[in-house]
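Take a look at the letters that make up each chain.
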Number of protein chains: 2
Amino acid sequence: MTDKLDAASLRQRLAALPQWHIEAGDAAIRREYLFADFPQAFGFMAQVALHAERLDHHPEWFNVHRRVDVRLTTHDAGGVTERDIALARHADDVHARLVRDPSA
Amino acid sequence: MTDKLDAASLRQRLAALPQWHIEAGDAAIRREYLFADFPQAFGFMAQVALHAERLDHHPEWFNVHRRVDVRLTTHDAGGVTERDIALARHADDVHARLVRDPSA
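Residues numbered from 1 in each chain as written. Chains lettered and ligands numbered in written order. Predicted model: local features only at pLDDT ≥ 70, side-chain atom pairs only at ≥ 80, totals over all residues. Heavy atoms only, no water.

Draft legend 1. Broad picture of the interface of chain B and chain A. At the interface, 16 residues of chain B touch 16 residues of chain A. Together, the buried faces of chain B and chain A total about 1500 Å²; carbon and sulfur atoms form 69% of this surface. Of all residues in chain B, the largest losses of buried area upon contact with chain A belong to Phe38, Phe42 and Trp61 of chain B, amounting jointly to 35% of the total for that side. Seen at the junction of chain B and chain A, the total is two residue pairs in polar contact (both at pLDDT 80 or more). Looking at the side of chain B that touches chain A, the elements that each hand over two or more residues are helix H2 (38-55) and strand E3 (60-64) of chain B. At seven residues, the largest contribution of residues to the side of chain B that touches chain A is made by H2 of chain B. A per-class count over the side of chain B that touches chain A returns ten nonpolar, four polar and two charged. Relative to E3 of chain B, strand E3 (residues 60-64) of chain A runs antiparallel, the two being bridged by five bridges. In the strand pairing of E3 of chain B, Glu60 of chain A is matched with Val64 of chain B. (Contact = heavy atoms within 4.5 Å. Buried area = accessible area lost by both parts, 1.4 Å probe. Polar contact = N/O pair within 3.5 Å; in protein donor to acceptor, adjacent residues only side chain to side chain. Helix = DSSP H or I, 4+ residues; strand = E, 2+ residues; numbered from the N terminus. Nonpolar A, V, L, I, M, F, W, Y, C, P; charged D, E, K, R; others polar. Pairing = 2+ DSSP bridges.)

Here you go:
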């Protein structure tokens, strides 16, 4: 759970998270989320924050208006671990529940 | 309230907000906040988010663990306005209430 994923494992995990991309040097994974408005964007952040606190594994993130950029890495491991993959999956689930119709 | 502050007015306002600094070109003001931990940092963000939504004026911000970097600007005015100064004051108030002893 806390070992750095090797290059092949990381790419295999990301195949199931197509909207995430790998940072140069495999140091982290990133995704940009777009929401309907600021309340929806911050609602997403609040839900992910509670989950992150429960996991004791936190995102690096930037928000402006309805956009949230998320960067996940495990500092202790010096790269991406299964903890980041789990948090990415959770964030995608929260996003999917909030944005029922992504074209809206 | 929504007119861009001229260089002299902006510097006058910032004199009362000593921990904020002016971005190159007077495009925005910035401050970095440090909290005890992630829950306190996110609690700060939640309080500022609610106030920002009420003002209909939102920050650009980045969070990692117990750090929150805030950037304020008024896009419609092409620079810093009284709305940014008001939001900066509010954020400082929330921070001061949360962090009773900044040396802790």
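Draft legend 2. Spotlight on the nonpolar core. If you look at the biggest cluster of nonpolar residues, it comprises 54 residues, and the most contacted ones within it are Phe44 of chain A together with Phe44 of chain B. Apart from residues lying up to four places away in sequence, Phe44 of chain A is in contact with Tyr33, Phe35, Val68, Val70, Ala91, Val94, His95 and Leu98 of chain A. (Core = buried A, V, L, I, M, F, W, Y, C linked by side-chain atoms within 4.5 Å. Buried < 20%, exposed > 50% of the residue type's maximum accessible area, 1.4 Å probe, protein only.)

Draft legend 3. Structural view of the relation of the copies chain B and chain A. The transformation that overlays chain B on chain A combines an axial shift of 0.0 Å with a rotation of 180 degrees, and the residual RMSD is 0.0 Å. Here the copies are linked by what is in effect a two-fold axis. Closest approach to the rotation axis within chain B is made by the C-alpha atom of Phe62 of chain B, at a distance of 2.1 Å. (Least-squares fit on C-alpha atoms with pLDDT ≥ 70 in both.)

Draft legend 4. View of helix H2 (residues 38-55) of chain A. An ideal rise of 1.5 Å per residue puts 26 Å on 18 residues; H2 of chain A measures up with 25 Å between its terminal C-alpha atoms. At its buried positions, H2 of chain A is contacted by strand E2 (29-34), E3, strand E4 (67-72) and helix H3 (82-98) of chain A together with H2 and E3 of chain B. If you check the start of H2 of chain A, you find a side-chain oxygen 3.0 Å away from the backbone N of Gln40 of chain A, and it comes from Asp37 of chain A. Phi turns positive, to about 55 degrees, at Asp56 of chain A, one or two residues after H2 of chain A. (Expected span 1.5 Å × (residues − 1).)

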